[in-house]
Amino acid sequence: MNTKDSKSLHERVAAHVRDIPRSGIRDFFDIVSSRKDIISLGIGEPDFVTPWHVREAAVFALERGATSYTSNLGLPRLRQAIAEYVQRTFGMVYDPDTEIIITVGVSEGLDLAVRALLNPGEEVIYHEPSYVSYAPVITFAHGIPVPVITTPADAFRITRTALEEKITPRTRLILLNYPNNPTGATLPRGHLEEIAAFVRERDLLVVSDEIYAELSYDEKHTSIAALPGMRERTIFLHGFSKAWAMTGFRLGYACGPRQLIEAMMKIHQYTMLCAPTLSQEAAIEALREADRDISEMRAEYLRRRNFIVKTFRELQLPCVTPTGAFYAFPDISSTGMTSRDFALRLLNEENVAAVPGTAFGSCGEGFLRCSYATAMDDLQEAAGRLRRFLERVRS
Amino acid sequence: MDELLKILKKNALETPENLAAMLNMSVEEVRSKIAAYEKEGIIRGYQAIVNEDRLDVRSVTAVIEVKITPEREGGFDRLARRICRFQEVRSAYLMSGAYDLLLFVDGRDLQEVAGFVSEKLAPMEGVTSTATHFMLKTYKHHGLLMESEDEYERLKVTP
Ligand SMILES: Cc1ncc(COP(=O)(O)O)c(C=O)c1O
């Protein structure tokens, strides 16, 4: 195809899709994946394999011939197990018949929620640095992403003041993600109550991506949906990718008031039909029998967090102590380099990959996302290389 | 269980510096805690886990079920301790069920183990019967698989 044709094809792509920039992560991935023998702190998924008994449940389901569709909302047994899990873990009560939908990861849950709730031109406030999907997913739904900047001074917590500055008559939704990717921040109950009060006063809805809920290190996770008056205005998104180490199963769920779940279901039934059946079978086992696996993985992440935070301190890279998820977000601006330059040089000179903070929004400039879902040996080796790199850069 | 012990049980070679970082302790604290565990006999030793099937040495391991008569004073313990003193006995456990002691016994070959059973173990006063099983292959030992499978690789960078 000649360039003239390909140009015209490019122009035929829907404008709101065409205008979305290439993901900073994909961009970086292309550079990294051509390299051998690197230590990667750039991986946003557990380094653990799914606990064996969960994999075994999937194998068993396959043997029994669980190869057909499930109902659109998902297997009733799984929705029942989710209702029980969500109640015992977070304290919210949802009706498994009408208030829970099984999705293809939190990714789909997020897309469904935004598409089901937004009219074209309506605004969604979310906090940056943020997970890479939020702004694009809002744009695909013809909504307007309105980022609120969070900073180390506030431990990357969203504040009521910031929300007040950004709210307009077109604001429809607030999208929250705590524990947070990429900062590792959490929102303690007191802060959460402030945000909830604001949401109630302004009569907004919340979509809360709590995919890292179980990976909270300092205090037990509180869901915003568990606060007074919030259940009826919150879509709670959760999934199996992180705490259960099940990313490849592609399974998540949304819980919320019946009318909202029904609206999400409408989109899901015509675009996805149902989530993968084998994954749903495995998830039943995961919800009922994996508490111990989760707490062992959490203990391991916590040790690594302590190690990596101490490393950054020693290297004089300021870093808010992450209290959740498995990311640290150190400030590298003292080196005088941009995030991208820092990440590229670290990769080229020391074979260590980490993601430039700018992949998570422009306010991520000056930061680096380092995932500690990385084996301790590799973390130790990476720490040594980072030390050497900084000595060179600073001398 | 103490976090320090948990980590050491997985990797006894972890350095005090790394342990200190992982546990938010000082290196000195880590060292003295380990010393205390050793002194109290809570840490009994440190050993490498070797896949002996891969070595070119002739050796066998037998698992032996032993029935013994408990004594009026001391129950099974006195006899069990005597049995443990044989250096052929690698591990020994008191069991519930059809027999009393389960022994793991190492030897150069079948004859050597058979000799141990018939000449040393079975004739002991209080031992009423033995049943010997030879191990053919080790798949997993102390929580470790003896053959590593190829790991399914993660992408190098993901969101
Ligand atoms: C904050 C956040 N939300 C959602 C996802 C996507 O999760 P899933 O695998 O359930 O689609 C991720 C994965 O990195 C994430 O970090």
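Residues numbered from 1 in each chain as written. Chains lettered and ligands numbered in written order. Predicted model: local features only at pLDDT ≥ 70, side-chain atom pairs only at ≥ 80, totals over all residues.

Participant: For the overall build of chain B, give the residues involved together with the corresponding values.
Facilitator: Regarding its fold elements, chain B presents five helices and six strands. For 159 residues, the compact-globule estimate of 2.2 N^0.38 gives 15 Å, and the C-alpha radius of gyration of chain B, at 21 Å, exceeds that figure by more than 25%. The proportion of buried residues among the 159 residues of chain B is 15%. Counted over contacts in chain B with a minimum sequence separation of 6, partners at least 24 positions apart contribute 52%. (Helix = DSSP H or I, 4+ residues; strand = E, 2+ residues; numbered from the N terminus. Rg over C-alpha atoms; globule rule 2.2 N^0.38 Å. Buried ≥ 20, exposed ≤ 12 C-beta atoms within 10 Å, placed from the backbone. Contact = placed C-beta atoms within 7 Å.)

Participant: Residues and numbers for the overall build of chain A, please.
Facilitator: Summing up its helical and strand segments, chain A has 14 helices and twelve strands in all. Computed over C-alpha atoms, the radius of gyration of chain A comes to 21 Å, within 12% of the 21 Å expected from 2.2 N^0.38 for 395 residues, which places it in the range of a compact globule. Across its three principal directions, the C-alpha atoms of chain A cover 65 × 55 × 50 Å. Within chain A, buried positions represent 49% of all 395 residues.

Participant: Tell me what's going on with the site of the ligand, and back it up with residues and numbers.
Facilitator: Around the ligand there are 14 residues in total, and G105(A), V106(A), S107(A), N181(A) and S241(A) lie nearest to it. Classifying every residue of the shell around the ligand gives four nonpolar, nine polar and one charged. (Near = placed C-beta within 6 Å. Nonpolar A, V, L, I, M, F, W, Y, C, P; charged D, E, K, R; others polar.)

Participant: An account of the sheet that holds strand β11 (residues 355-356) of chain A is requested, with residue identities and associated values reported.
Facilitator: All names here are of chain A. Spatial strand order, β9-β12-β11: three strands in an open sheet with antiparallel pairing. Sheet topology places β9 (327-328) and β11 at the edges, where each strand pairs with a single neighbour. Relative to strand β12 (residues 368-371), β11 runs antiparallel, the two sharing two bridges. The residue of β12 that forms the bridge with V355 is R369. (Pairing = 2+ DSSP bridges.)

Participant: Could you give me a rundown of the interface of chain A and chain B, with the residues and numbers involved?
Facilitator: Contacts between the two partners involve 20 residues from chain A, matched on the other side by eleven residues from chain B. Residue assignment for the side of chain A that touches chain B shows that the elements contributing at least two residues are α3 (24-33) and α12 (291-314) of chain A. Examining the composition of the side of chain A that touches chain B, we find that five residues originate from one element, α3(A), more than from any other.

Participant: Break down the nonpolar core for me, with residues and values.
Facilitator: Ranked by internal contacts, the top residues of the largest apolar core, which has 127 residues, are A113(A) and A254(A). Excluding anything up to four places from it in sequence, A254(A) contacts I101(A), T103(A), G109(A), L112(A), A113(A), I235(A), F236(A), L237(A), I261(A) and M264(A). I64(B), L103(B), V117(B) and V127(B) belong to the second-largest nonpolar core, a separate cluster that totals 14 residues. (Core = buried A, V, L, I, M, F, W, Y, C linked by C-beta atoms within 7 Å.)

Participant: Summarise the environment of K310(A); cite the residues concerned and give the values.
Facilitator: Summarising the element assignment, K310(A) is placed in helix α12. Sequence separation between K310(A) and T321(A) is eleven residues; the distance between their C-alpha atoms is 9.5 Å.

Participant: Go over the packing of helix α5 (residues 76-90) of chain A against helix α11 (residues 277-289) of chain A with me, naming the residues and quoting the values.
Facilitator: All names here are of chain A. Packing of α5 against α11 leaves a shortest axis separation of 9 Å and a crossing angle of 25°. Overall, the two elements α5 and α11 adopt an arrangement that is roughly parallel. The element α5 and its partner α11 pack so that their crossing is left-handed. Where α5 abuts α11, its residues R77, L78, A81, I82 and Y85 lie against Q280, A283, I284, L287 and R288. Here the residues of the contact of α5 with α11 are counted per class, giving seven nonpolar, one polar and two charged. (Axes fitted to C-alpha atoms, helices over the stretch in contact; angles between N-to-C directions. Parallel < 35°, antiparallel > 145°, perpendicular 65-115°, else oblique. Left-handed = near helix turned anticlockwise from the far one by under 90°.)

Participant: Now, about the sheet that holds strand β5 (residues 171-176) of chain A: what can you tell me, with residues and values included?
Facilitator: All names here are of chain A. Pairing in this open sheet of seven strands is mixed, and the strands run β2-β8-β7-β6-β5-β3-β4 from one edge to the other. Every other strand in the sheet has two partners, leaving β2 (100-103) and β4 (144-149) as the edge strands with one partner each. Along the sheet, successive strands turn relative to each other by an average axial angle of 20°, direction set aside.

Participant: Mind laying out the domain arrangement of chain B, listing which residues take part and the relevant values?
Facilitator: As far as domains go, chain B holds domain 1 (3-40) and domain 2 (59-136). Spacing between the C-alpha centres of domain 1 of chain B and domain 2 of chain B amounts to 35 Å. (Domains from an automatic or database assignment.)

Participant: Go over the domain arrangement of chain A with me, naming the residues and quoting the values.
Facilitator: Residues and elements named next belong to chain A. Along its sequence, chain A is organised into domain 1 (3-49 + 292-394) and domain 2 (52-289). The C-alpha centroid of domain 2 is placed 24 Å from the C-alpha centroid of domain 1. Listed as interface residues are 33 residues of domain 1 and, on the opposing side, 33 residues of domain 2. Every element with two or more residues in the side of domain 1 that touches domain 2 is listed here: α12 and β9. The leading source of residues in the side of domain 1 that touches domain 2 is α12, at six residues. Of the residues contributing to the side of domain 1 that touches domain 2, the split by class is 20 nonpolar, eight polar and five charged.

Participant: Please set out helix α3 (residues 27-40) of chain B residue by residue, giving values where relevant.
Facilitator: Its 14 residues place the ends of α3(B) 20 Å apart at the C-alpha level, agreeing with the 20 Å of an ideal helix rising 1.5 Å per residue. Once α3(B) finishes, G41(B) follows within two positions and takes phi at roughly 80°, a positive value. (Expected span 1.5 Å × (residues − 1).)

Participant: Go over the pairing of β12(A), please, and point to the residues and values.
Facilitator: Residues and elements named next belong to chain A. Going residue by residue along β12, you find L368 and C370 tucked away on one face and R369 and S371 tucked away on the opposite face as well. Two elements, β9 and β12, share two bridges in a ladder whose sense is antiparallel. Bridging from a neighbouring strand, A328 pairs with C370 of β12.

Participant: Provide a residue-level description of the packing of α12(A) against helix α14 (residues 376-394) of chain A, including the pertinent values.
Facilitator: Residues and elements named next belong to chain A. Across the interface, α12 lies against α14 with an axial gap of 11 Å and an inter-helix angle of 0°. In terms of axis orientation, α12 runs roughly parallel to α14. Residues R304, F307, I308 and T311 of α12 lie in contact with α14, whose contacting residues are M376, L379 and A383. The class makeup of the residues in the contact of α12 with α14 is five nonpolar, one polar and one charged.

Participant: Now, about the environment of G65(A): what can you tell me, with residues and values included?
Facilitator: As for its position among the elements, G65(A) is in the loop between α4 (52-63) and α5. For the pair G65(A) and S279(A), spaced 214 residues apart in sequence, the C-alpha separation works out to 13 Å.

Participant: Help me get a handle on α3(A), residues and values and all.
Facilitator: Residues and elements named next belong to chain A. Burial in α3 covers these residues: G24, F28, F29 and V32. All buried residues of α3 lie within an arc of 130° about the axis, which places them on one face of the element. Looking at the packing, one finds that the buried side of α3 touches β1 (39-40), α13 (339-350), β10 (352-353) and β11. (Arc of directions from axis to C-beta.)

Participant: Go over unusual backbone geometry with me, naming the residues and quoting the values.
Facilitator: Here the amide bond leading from E128(A) into P129(A) is cis, since omega sits at 0°, within 30 degrees of zero. Tracing the chain through its elements places P129(A) in the loop between β3 (123-128) and α7 (134-140). Although it is not a glycine, L273(A) adopts a positive phi angle of roughly 70°. Within the secondary structure, L273(A) is located in the loop between α10 (258-271) and α11. With phi around 50°, H142(B) is a residue other than glycine that occupies positive phi space. Secondary-structure assignment places H142(B) in the loop between β5 (140-141) and β6 (144-145).

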